[in-house]
Amino acid sequence: MKNIVAINASPRSGWNTDILVREAAAGAQSAAAHAEVISLYRLDKFTGCISCFACKTPEHKGVCVYKDGLAPVLEKIRKADGLIIGTPNYLGQATAAFRALYERLIFQYITYRKDAISCSERRIPVLLIFTSNAPKELYPKVGYDKMIDDYKGNFECIIGPVNVIVSADTLQVNDYGKYDWTYFDPEKKKERRETVFPKEREAAFRAGADMCRQ
Ligand SMILES: Cc1cc2nc3c(=O)[nH]c(=O)nc-3n(C[C@H](O)[C@H](O)[C@H](O)COP(=O)(O)O)c2cc1C
């Protein structure tokens, strides 16, 4: 049985990113895989890479040795047959929690050797899910396409083949009336949530299932 690790890098449970990550995990389960969903913001305290370079020594080659809330997650990913990670866009980037995982996950495998850039012994498929308030049309202008491409390239180089799902123009809150926000049209946000978001959920489900057939 394939073993998929699915990670929500949004602090919110039950919202856009979490829903799409869980759909992808459900898709994986529909393809007879075991899928565990992990919420980064529910873990014990953790940090990004602390630059100890232990992962570059012969004793710990390719293994992040720092013991905090992320350590068991990194261990699970090491043994997984597929990885799903979803993150909201925070100030034009992935969230801080995503970044911490990303630094620790990717950097441990980088060798600084000319003959082989990565010491990872296996490649696994990766599904990256990005959600944002900004609509997709804005992505080229505000640099989100490039940001996503950069992550895609690094995951592809070190972890394995990457599939990307983007859910843009998300519903940020249930009741826009509670806030002094003049920027949005709440009706359009709700309409999108009811018409487009369900299709993105289906796409996430399919991508999770496809990951297990690779
Ligand atoms: C701290 C913070 C910063 C944000 N910055 C951006 C941003 O720069 N661009 C954007 O499009 N959306 C931004 N958003 C909106 C979220 O990316 C968007 O609502 C996302 O879908 C939320 O995911 P969630 O519902 O899973 O929590 C921001 C939200 C928060 C809370």
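Residues numbered from 1 in each chain as written. Predicted model: local features only at pLDDT ≥ 70, side-chain atom pairs only at ≥ 80, totals over all residues. Heavy atoms only, no water.

Quick notes on the site of the ligand
And step 1. In the neighbourhood of the ligand, 17 residues make up the surrounding shell, with N16, T17, N89, A134 and T170 lying closest.
And step 2. Side-chain polar atom of S10 to an oxygen atom of the ligand: 2.9 Å apart, as the coordinates give it.
And step 3. For the ligand, a nitrogen atom lies 2.9 Å from a polar atom in the backbone of L91.
And step 4. Considering the ligand on its own, with 640 Å² of exposed area, one finds that the protein chains cover 79% of that surface.
And step 5. A majority-of-atoms criterion places the ligand in the largest pocket.
And step 6. By residue class, the composition of the shell around the ligand is six nonpolar, 10 polar and one charged. (Near = heavy atom within 4 Å. Polar contact = N/O pair within 3.5 Å; in protein donor to acceptor, adjacent residues only side chain to side chain. Areas by Shrake-Rupley, 256 points an atom, 1.4 Å probe, with all protein chains shown as cover. 1 Å grid on protein atoms, 1.4 Å probe; cavity = no way out; pocket = protein on both sides within 12 Å on 5 of 7 lines; lining within 4 Å. Sits in = over half its atoms within 2 Å of the grid points. Nonpolar A, V, L, I, M, F, W, Y, C, P; charged D, E, K, R; others polar.)

Points about the pairing of strand β3 (residues 82-88)
If a strand is regular, its side chains alternate between the two faces of the sheet.
And step 1. Judged by how many residues are buried, β3 sits mostly within the fold: seven of seven residues are covered.
And step 2. Of the two faces of β3, the one carrying G82, I84, G86 and P88 and the one carrying L83, I85 and T87 are both buried.
And step 3. Bridge analysis of strand β1 (residues 3-8) against β3 gives five bridges, and the strand direction is parallel. Its bridge partner lying in β3, V5 is registered against L83.
And step 4. As paired strands, β3 and strand β4 (residues 126-131) are joined by six bridges and run parallel to one another. Looking at β4, one finds that L83 is bridged to V126.
And step 5. Between the parallel pair β3 and β4, the chain is carried across by helix α3 (residues 96-107), and the sense of this crossover is right-handed. (Buried < 20%, exposed > 50% of the residue type's maximum accessible area, 1.4 Å probe, protein only. Helix = DSSP H or I, 4+ residues; strand = E, 2+ residues; numbered from the N terminus. Pairing = 2+ DSSP bridges. Right-handed = clockwise from strand over helix to strand, strands pointing away.)

Note that every value here comes from positions in space, so none of it alone points to a role or purpose.
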